[in-house]
Amino acid sequence: MDSIADGPQVQVKFVTQQRQFAIPETGIQTPARLRRYGLSQIINLVLQNEGEKQRPFDFLIDGEFLRTSLAEYLEEKNMSTENVLTVEYVESMLPPTPLSSYEHDDWVSAVQAHRPGGFLTGSYDNHVRLWNKQAECTQVLTGHNGAVKAVQWLTSDGDNGTLLSGALDRSILAWEYSHADNSHSILYECKGHTGGVESISLNATGDKFASGSADATIKIWTTIIPTVSDHIEDVTETRKKRKTVKEDRILKAPISSLNAHTGPVSAVTFSSTSADTLYSGGWDHSVRVWDIENSVNITTKNCEKVVHALDYSEHSGLLASGHADPVIRLWDPRSEDSSVVKQTLSGHQNWVTSVSWSPSSAYMLASGSYDGLIKVWDIRAKGALYTLSHGKASKKVFSIDWSNDILLSGGEDNQMKIHKVQDMTDRAEA
Amino acid sequence: MPSTRPTRKATGTKAAPAPSKKVAPAQAPAKKAVVAPKSKKRTVEEARDESDDEFGEVAIDMASDDDEEDMDGDDESDDAEDFPEEGEEGQDMSAADLEEDEDEDSEGSYMDGDSIVDSQEELDDEDDEESDFDDLVEDDIDPNFGHNLNEPLAPESDYNPIVREYPEIDPVYDSDSSTEENDNTVGDIPMHWYDDYPHIGYDIDGKKIMRPATGDELDKFLSTMDDPDSWLSAHNYKEGQDVKLSAEELEIIRRLEGNRIPDADYNPYEDQVEFFSSKTEIMPLSAAPEPKRRFIPSKHEAKRIMKIVRAIREGRIVPRKSGYVPPKPKYYNLWNDAEDKPREEHVMHITAPKMKLPTHDESYNPPAEYLPTEEEIKEWNEMDKEDRPKNYLPQKYNALRNVPGYGQFIQERFERCLDLYLAPRVRKNRLNIDPESLIPKLPSPRDLQPFPTRLAIEFLGHEGRVRSISVDPTGLWMASGSDDKTVRIWEISTGRCMATYHLDELVTSVVWGPNKEVAVLAVACGYKVGLILPEKLFSPELTLHSEEYLKAGFANVATGEPNPKAQWKQPTPAEFEKGIRVWVHLQKPVKQVTWHRKGDYFSTVAPDANNSAVLIHQLTKHQTQQPFKKNKGAVQRVMFHPTKPMFFVATQRYVRQYNLQRQELVKTMQTGVKWISSLDVHPAGDNLIIGSYDKRLCWFDLDLSSKPYKTLRYHQQAIRSVAYHKRYPLFASCADDGNVQIFHGMVYNDLLQNPLIVPVKILKNVHQRVDALGALCVEWHPTQPWLISSGADHTIKLFS
């Protein structure tokens, strides 16, 4: 410790929002040349964590991660070493570790994890697959006529469940499966889109879901399982097809259609706090906020690029979007300004096709890109926290999903990758 | 002496006023003539009696000496006239007059006899007296005195007081001895010419004058020893003899040696004759009276004045008003330079450069840091004079009074003068143009976003050159035709190949039908054109509609006879299953297919098919027309106008615009390139671009000219394809060098504003060169600023 004590010192007050790691809020004389590791040791020393119990901490000054020594930071910010410096510390996120990869027959275009039933993937071979944690494919749901572009869990209680899948064949299928007798069936077919279904999102209460399609419309559907087909005016349907393919399916019509987009709608996501608020993004470079109750487009935000992915975080209240450029944009959906981007995250080399907020943290975000990389971001830090390789070099990543401690990704290399991410629930703000 | 002086004074005073001038000449000569001789006579007598008497005392004696009064009896009347004028001596004289008057009365006879004797004596002694008098004159400063004295004897000597004496010339026959003495007639020539001859010249009769015998050196020596005057002799070359010099000649030589004038009698400092002086002469050189005109006003002046007076009266000349203030004369500070600008601003005036102000190190007591170190001094001393940065070394003195004179001062001033005088401060008429300003002001590419900058997606799968690509009107799908005899359809957003059609020939051209209601893909493949309906990609409604649209023609064609140039045929069931709906068989290989904007007509180009190279087909009626009976040149590309019933045909060198309704040629564009490779028309229809195999890209403004508005030569190799974006102001070109270049090409609605063309991005080495082919086709996404290019390396790339 003698050597550590050398050099200039700074009075540092350590604070934390994680109660279990709280230490007395008194100023501690700290050598200014300490970096993250040294400060982390100090916290551990005060907490009397030893050996295995030692935990890594990250340090925030004014909402920004400390990536240099304290002295360098103070010099950069032109701050005096005489004042008491308030440093917030949070437990570090451990680097995600790859768990396993699930082989598919074709490109994996949609993934969703993880309910008790396991993982859900949609693939370009027109199949929807259910996986368990042992990397076994438990169910292959066959019924689509085109590449599956979106999957969405509806209900799941381990063995049985329902789910949705949207595909390039312009249809959304609702499935019912049962692991017990290894059976599955199509509950109904949602019909109405004239273009491929790009995205499906279930609202917070679970009674409605929305779908975005390449025909520039968003359609809202109920999750009620109908017993008879809704009447759909289908004048152009050939007699042959109706007879052969769609005979046994119960058809469902949308309860409403939102038509404000002028290009394909590539992403829809419901607000996790309000069941009636829907966010959508499309090729017309707009991010729109909808009130589905009244089918009203509340706000429209424009940027320069095609929107490929959207995700809303209930913790931070921010909307993250991936675009046809290497930048992730964060929006405040409540602001009225049409083109104000709250923050941008740069680091990818190609289009960002999927974004996913951490389910537990207001700051953590994962993104997948066509450059074949998955990046984990803390929006307080400059640059990505971790960069994970999805698979082979520069194979496109189409879809990622961040569940509690699992990060799923599916891509061009026919694989769904699972990364183990530190569970952040205990890092949640008090 | 006193008697004469006052007269001069009097005349001097008289000379000043002009009126008295006229009177003076009348009196003065009388005085001089009468008075002066008398006084002289007296002095002569005095000199005889008392030779040592002062001249000045004579006057005193004159009054006291009774003896002399008798002698002067004759002249008393004259004296009486004179004396009153002389104010000074007036009183004395009056006294003398009284005495004389008394004498006259008493001894008249006696005086007469005496006077005669005296006058005779005077005459006898005159010569002696004169010599004495001369001495006196020399001492006196006044030369006039002598004149007066000599007057009776020689009036000429008045102007030539020093008489020069020359030897008398005796005018006898022999007096001029010049010819006789020197009978050698050779003249004044160098005598050494006769050195080699026995004679030294010719006499007047033409006979030779023989060289006189001369002694040898010994004789010469002996003669010098014997004759004491031999050193006075000189050799006369003309006569070849020694001649003894006369005394006069020796005197001349001596004087010459002494740098004196050879003539001893010549006086270089003769007195000047003052013809014109301040003195008023009694007898002026010109005695002409003042002319009358000096005293009467000038007639001419009066005329001129009257002219002015008349002009003023008539108002032609207006006198200045009373409040007139004369303009202030301009003065300026001669020593003030720069600020006041004393000189008029003139183009050719260049002020002299100022001297540099002294700095610290020129101080007599500079700060210590300016003082040079030993090394610096040494270095300075070793340096060449020209190389020294300064021509002095800073030095320190304790006090200003210890500072010595500056040794370089004169030199520096001199150099400064040279600088000012010789340095050519000439204003050069150089074109002072910033080269940057000549470059047209183009907006920064950053302001022209969006445009594609980086590779986003690669479409892999083809196994041959990808010759042609096309994006469907919705922007979701892309078709590509390749040398591997396949047509592939791709999902643009992911790069997924959605469908592959295997054909039996190389695919040269694929084009989506522009009608959104009909999904149809035209494919040029060998000798035929196929129309493909990609089933799965589109909604059943659209597919059905397209199906019926494509089928409709077969009902029509049955009526007409088959056209040999284009035969519409049904595909085989296998082909139908694949998606091919219609075949159009042509006579020659088809290079290009292009759609009319409404999606009913399409045109094909088969360059080998001479006159039927260009055909226009109608899809719904399965009819084929040949718009041109004869083609001028090999047709490269054709294109429908995006809004009007116009048709563009690009041959090798020209682009022709035809009106399809009126069936006439509208315009011929002279491209100036050698071989056109590609053509695209701006979506607004007023501009078009062509690419050529000779690396050029030409932009034509159809309203402007038939010549290119801009010709861009940026590619290294032949340009293969050019394309306009349908929405954004962008166009692109690709070439065999594998590069794709992207330009901002803004067309304004304002007809007066020319299109703005800015190169914004060069995508380098997009496609690898395979067999001298690089990038083959570029195509823009219909809605997004995305560029798709295909190349000979079997790849298709999307840039965003």
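Where an unreviewed UniProt entry is consulted, chain B appears under the name Ribosome biogenesis protein ERB1, with the organism given as Linnemannia gamsii. What UniProt records for chain B under Subunit (unreviewed entry) is the sentence "Component of the NOP7 complex, composed of ERB1, NOP7 and YTM1. Within the NOP7 complex ERB1 appears to interact directly with NOP7 and YTM1. The NOP7 complex also associates with the 66S pre-ribosome." Per UniProt, chain B carries the Sequence similarities (unreviewed entry) text "Belongs to the WD repeat BOP1/ERB1 family."

In the annotation of an unreviewed UniProt entry, the entry for chain A reads Ribosome biogenesis protein YTM1, and the organism field reads Linnemannia gamsii. Chain A has a UniProt comment under Sequence similarities (unreviewed entry) that states "Belongs to the WD repeat WDR12/YTM1 family." As its UniProt record puts it under Function (unreviewed entry), chain A is described as follows: "Component of the NOP7 complex, which is required for maturation of the 25S and 5.8S ribosomal RNAs and formation of the 60S ribosome."

Trainee: Explain the sheet that holds strand S24 (residues 307–312) of chain A here, please?
Mentor: Adjacent strands of a sheet form backbone hydrogen bonds with each other and so pair up, either parallel or antiparallel. Residues and elements named next belong to chain A. Pairing is antiparallel across the open sheet formed by four strands, whose spatial order is S24-S25-S26-S27. Among the strands making up the open sheet, the edge pair consists of S24 and strand S27 (343–346). The average undirected angle you get between the axes of adjacent strands in this sheet is 20°. In this structure, strand S25 (residues 319–323) lies alongside strand S26 (residues 327–331), joined through four bridges in antiparallel fashion. Paired with Ser 321 across the bridge in S26 is Arg 329.

Trainee: Quick question: what am I supposed to make of the interface of chain A and chain B here?
Mentor: As a measure of interface size, the accessible area lost when the parts come together is often cited. With 26 residues of chain A at the interface, the matching set in chain B holds 29 residues. At the boundary of chain A with chain B, total buried surface from both sides reaches about 2400 Å², with 55% on carbon and sulfur atoms. The interface formed by chain A and chain B holds two salt bridges in total. When the shortest N-O distance is used, the salt bridge between Asp 106 of chain A and Arg 496 of chain B registers 2.4 Å. In terms of residue class, the side of chain A that touches chain B is built from 12 nonpolar, six polar and eight charged.

Trainee: Where do I start with the pairing of strand S13 (residues 566–569) of chain B in this structure?
Mentor: Remark: a regular strand shows side chains that alternate across the two faces of the sheet. All names here are of chain B. Here S13 shows a buried face lined by Ala 566 and Trp 568 and an unburied face lined by Gln 567 and Lys 569. Alignment of S13 against strand S14 (residues 580–586), held across four bridges, turns out to be antiparallel. Paired with Gln 567 across the bridge in S14 is His 585.

What counts as what
- Residues numbered from 1 in each chain as written.
- Chains lettered and ligands numbered in written order.
- Predicted model: local features only at pLDDT ≥ 70, side-chain atom pairs only at ≥ 80, totals over all residues.
- Heavy atoms only, no water.
- UniProt positions renumbered as here; feature names shortened; annotations may be inferred.
- Pairing = 2+ DSSP bridges.
- Helix = DSSP H or I, 4+ residues; strand = E, 2+ residues; numbered from the N terminus.
- Axes fitted to C-alpha atoms, helices over the stretch in contact; angles between N-to-C directions.
- Contact = heavy atoms within 4.5 Å.
- Buried area = accessible area lost by both parts, 1.4 Å probe.
- Salt bridge = Lys/Arg side-chain N within 4 Å of Asp/Glu carboxyl O.
- Nonpolar A, V, L, I, M, F, W, Y, C, P; charged D, E, K, R; others polar.
- Buried < 20%, exposed > 50% of the residue type's maximum accessible area, 1.4 Å probe, protein only.

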